[in-house]
Every structure is written in C-alpha cells, then in structure tokens.
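Remarks on the overall topology
Here are the chains, one letter per residue:
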Amino acid sequence: MSCKWETIIGLEIHLQLKTRSKIFCSCSTDFSAPANTNTCPICLGWPGSMPALNQKAVLLALRGAVALNCKINRESSFDRKNYFYPDLPKGFQITQYFRPLGFEGFFQVGENKVGIQRVHLEEDAGKTIYNGEEVEIDYNRAGIPLVEIVTEPDLVSPDQARDFLRELRLLLLYLGISDCNMEEGSLRCDANISISTGGEKTGENQVELKNLNSFQAIARALEYEQNRQKALKKGGEEIARETRGWDTTEEKTFLLRSKEESVDYRYFPEPDLPVLVLEEGLIDSVRMDLPEKPQERKKRWEREWKIEKEETEVLISQQARADFFEKTARLAPPREAAKWIKENLVNFDFPPEISPEELGDIINRVRAGELSTSRGKDVLQLCLESGKNPARIIQEKGWTQVSDEDYIEKLVDRVLEENPGVVDDYLSGKDKAIRFLIGQAMKLSQGQANPGLVWDLMERKLEERKNYG
Ligand SMILES: [Zn+2]
C-alpha cells in the first residue's frame, strides 16, 4: 500500500520587544548588565508588589498584531499561568490567555498565506545557567516584555517553516519592534509538527520542538522529526505526544517530557492588572503609521523598476541597505543602482561612507561616458576609503575621461601604425584582434580615453582598410 505523507507544522514565536524598561516595572532591559542587577521587588515577585503595564510594550505589540492583519481586542486582559520553576520568581507568569491583544490574522509569504492564531503580550522568565554541578539563575530577564505570535498549522514542510520565519523576522525588523537577534534570544521559536497520511485529524499526535534558535536549527530539527515520525508510522507505531529538544551537535531531537506529564497551568485572570483598554482611534493610527512591508517593497521594485529577484533579495535583507538603494534609485537609473550596490557595497555596513547622491553621481558619470566602468569603481572605492566626494576625487586624480574625437583619432592611428601584424590578423578575418588594439589605445591614454569612442573609431578605420586596403 502506498500512502502520501503530509507534514503539518505550526510555529510559536517569542519576540523580545524593544523597550528600555521591563513590562511591569521600571527595571532596565539592558542585555549586557551584570547578572541580577536589573531587578526590583516587582520583577522578583515579592509579596505585596504591584505590577504596572508598560505602555510602550503595548504599542509595539499592537504594531506587530496590526501588521500581521490580526483582529484586535479593544479590551484584552492578563492572566496568570501557574507553574513552579526556579527561574520564575513569582511562581506564575503573567500572560494573555483568555483575551489576547490580537487574533485571527495572517501573513503572506510568496504564494502561501499563513494564518496567525494569536498575538499576545507576556513577561519573560529568568535565565537558568547550568554551570557544571551548579545551577545559577539570572533574574535580569524576568519581566522582559515579550510578544508571542502563534501561527495556525498551515506550514507543510521544514523549508517552508524556515522561509516563513525568515520573512516574518524581516517584517518585524522593519516594524522596529524588536532586535530579532536569535543568538541573544530576542527571537525564539518553538514548532509543532505532526505527520498525517491524509484524512487524519491533525494535532492528535503532535510533537512540540522547543528552542529552535537559528534558521538552520528550525529546518534541520523539523526535517529530523519528520523522518523520525514517518519511520515510526511505517513500523506501525503510534507517535507519542511529547515535547522534544534539538541537539545541535548530535543533530537529533531528544525527549524533554511527555505530554501526559504536562502540567495544568490553572490559568486565571491576573487580579493586580486592570483590563487593557485601547483608546478610540489608536488601532487606526497604528495602522496608518505602518511602514511599507519589505515583502511589498520588494514586489514594487520588481514590478516598477524591473529589478531582478536575485538583486531585490540582497537589497531588502537589511533595512538601511534597502533605504539606501531606494534613494539612489531616484537619482540614477534603478537597475544600474541595484547592480552597483549588489556588486560593490554588500560587504559594507549601512549606511556606508558614501551617500546615495554620491553613488548616483558616479553611476551617472559612467553612463554619460565621463568615466569608464572600472574607473567608476575606483572612484567609488576611494570615496569609501577617504570620505571625499566623487567630483573631488576625479579632479584630484585627473580622471576626467577624454571624449575629444581628434585626440582619440590620433591615438587610434598611432596604434594601427605600431601594430601592423595585429591589423593583418583582423583584416584576414580574426575579429577578436580588435580587442588587443583597443586595449593598446586605452593604455596609451592612461585609461582616460572614452572606450566607446575608441571602439567606434577603431572599428571604422579597420573596416575602411578592409574595403579599400
Ligand atoms: Zn523590576
């Protein structure tokens, strides 16, 4: 019997919001502070301390939820998720369980429309550090504002899940709501995966993968898990509902805990925080204030400026680079601008030591024949090194291209005279010999002759000789 396997994947993404202070107290969110220095009675959960909600965190989360096309609860609320763990000082985490900020949204990645189940605010727990025999706990992270984004199980392959996360991260970066730094843990991803042979109810036997903290880990761990579950099913075994981790060295998933042992979090409304009511008009003003999404920007470039997909991918991947391109493309032909940036500036931090105006100037000079392409690149290089503008560099170096026809004609005549053998080669049908002659003329002019004019004149003179010689 043959059967078609279907993979069903959903993601849960935790994102650290870009605020200066924590979600319920005024402690700093500085990542580099010494352990346990950014703490106070509120984030340490001392009895009698009262949380107060950080407005900035609400605005950032709202921006994310609106950008993900969510419906917004004008009245959302906070709940306690109760469990015991040493890095959770209060014995519960404050989250939004019953009434999240956003719900029923979607995010379009290429052809795929992925449902967003919910977007809600919550606080982070502390950090447990295993140090040999000892376990250390840093509460600096306790109370850091997070937004959790839960997708519908709409992803059908590990690669699709990775691409989705990549595009989502880019969007979140453009929104400016988080650093999205996966190494530092400001963007963390868990995934649910199950395999079905079609027709089965999904979610029955799903496995949750925890802490997939790089794009590579996401694709590899899901791939591994997909194969593991297929092998079990082929052997007639049931897939146990469980939570698994990803071992990056061994490149395999391992059992963390079975779902049967899973804790009941006994959610109940947080009594110390009022209902979160969004002002009239706030949702609309957040929507109006959204930047153009990177995915839309890329499409516009391809559609209006006919930029190749390969180039738009490179240009869009950093917002500062994309902005730089956008400005340059308004001063010089966009396709040229895209090509120049991709070929010469991708290894630089943006903004680079050259302005869009200056790059546009170089491109336009090359187009006008004032500079050869390679001279243009030299000018660009010197701009980056010295911070001087192109006009000044060209003047100092005496690199103005010579387009004077009399001068170029003399050059061409001299080269033809000095290389009779090569000229004969050309006349006997070796067309490529012209390249050598042009090279000689350029060399004589020390690279300053307009190569287009040299080519035209050289060709004309050679053809004359062919016909009348
Ligand atoms: Zn605090």
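The next point concerns the packing of helix α14 (residues 433–444) against helix α15 (residues 451–468). Taken N-terminus to C-terminus, the directions of α14 and α15 make an angle of 130 degrees; their axes are 10 Å apart at the nearest point. Relative to α15, the element α14 lies oblique. Two packed elements cross with a definite hand, and for α14 against α15 that hand is right-handed. Across the interface between the two elements, I434, R435, L437, I438, A441 and M442 of α14 pack against P451, V454, W455, M458, E459 and L462 of α15. Looking at the contact of α14 with α15 residue by residue, the class counts come to ten nonpolar, no polar and two charged.

Before going further, it helps to examine unusual backbone geometry. F350 connects to P351 through a cis peptide bond whose omega is -5 degrees. With respect to the helices and strands, the residue P351 is situated in the loop between α8 (334–344) and α9 (356–367). The backbone of N36 sits at a positive phi, close to 60 degrees, despite the residue not being glycine. Relative to the assigned elements, N36 resides in the loop between β1 (6–16) and α1 (55–67). With relative accessibility at 33%, the residue N36 sits in the partly exposed group. For R266, which is not glycine, the phi dihedral falls at a positive 45 degrees. On the secondary structure map, R266 appears in the loop between β14 (252–258) and β15 (268–269).

A separate point is the domain arrangement of the protein chain. Assigned domains within the protein chain: domain 1 (6–285), domain 2 (292–397) and domain 3 (405–468). Distance from the C-alpha centre of domain 2 to the C-alpha centre of domain 3: 33 Å.

The next point concerns the nonpolar core. Counting 62 residues, the largest nonpolar core has L11, F164 and L165 as its most contacted members. Tallying contributions element by element places α1 first for this core, with eight residues. Those residues in contact with L165 that sit more than four places away from it in its chain are L11, I13, M182, L187, C189, F215 and I218. Judged by nonpolar contacts, the second largest core, of 31 residues, contains L315, V366, V379 and I393.

Conventions we followed
Residues numbered from 1 in each chain as written. Predicted model: local features only at pLDDT ≥ 70, side-chain atom pairs only at ≥ 80, totals over all residues. Heavy atoms only, no water. Axes fitted to C-alpha atoms, helices over the stretch in contact; angles between N-to-C directions. Helix = DSSP H or I, 4+ residues; strand = E, 2+ residues; numbered from the N terminus. Parallel < 35°, antiparallel > 145°, perpendicular 65-115°, else oblique. Left-handed = near helix turned anticlockwise from the far one by under 90°. Contact = heavy atoms within 4.5 Å. Nonpolar A, V, L, I, M, F, W, Y, C, P; charged D, E, K, R; others polar. Buried < 20%, exposed > 50% of the residue type's maximum accessible area, 1.4 Å probe, protein only. Domains from an automatic or database assignment. Core = buried A, V, L, I, M, F, W, Y, C linked by side-chain atoms within 4.5 Å.

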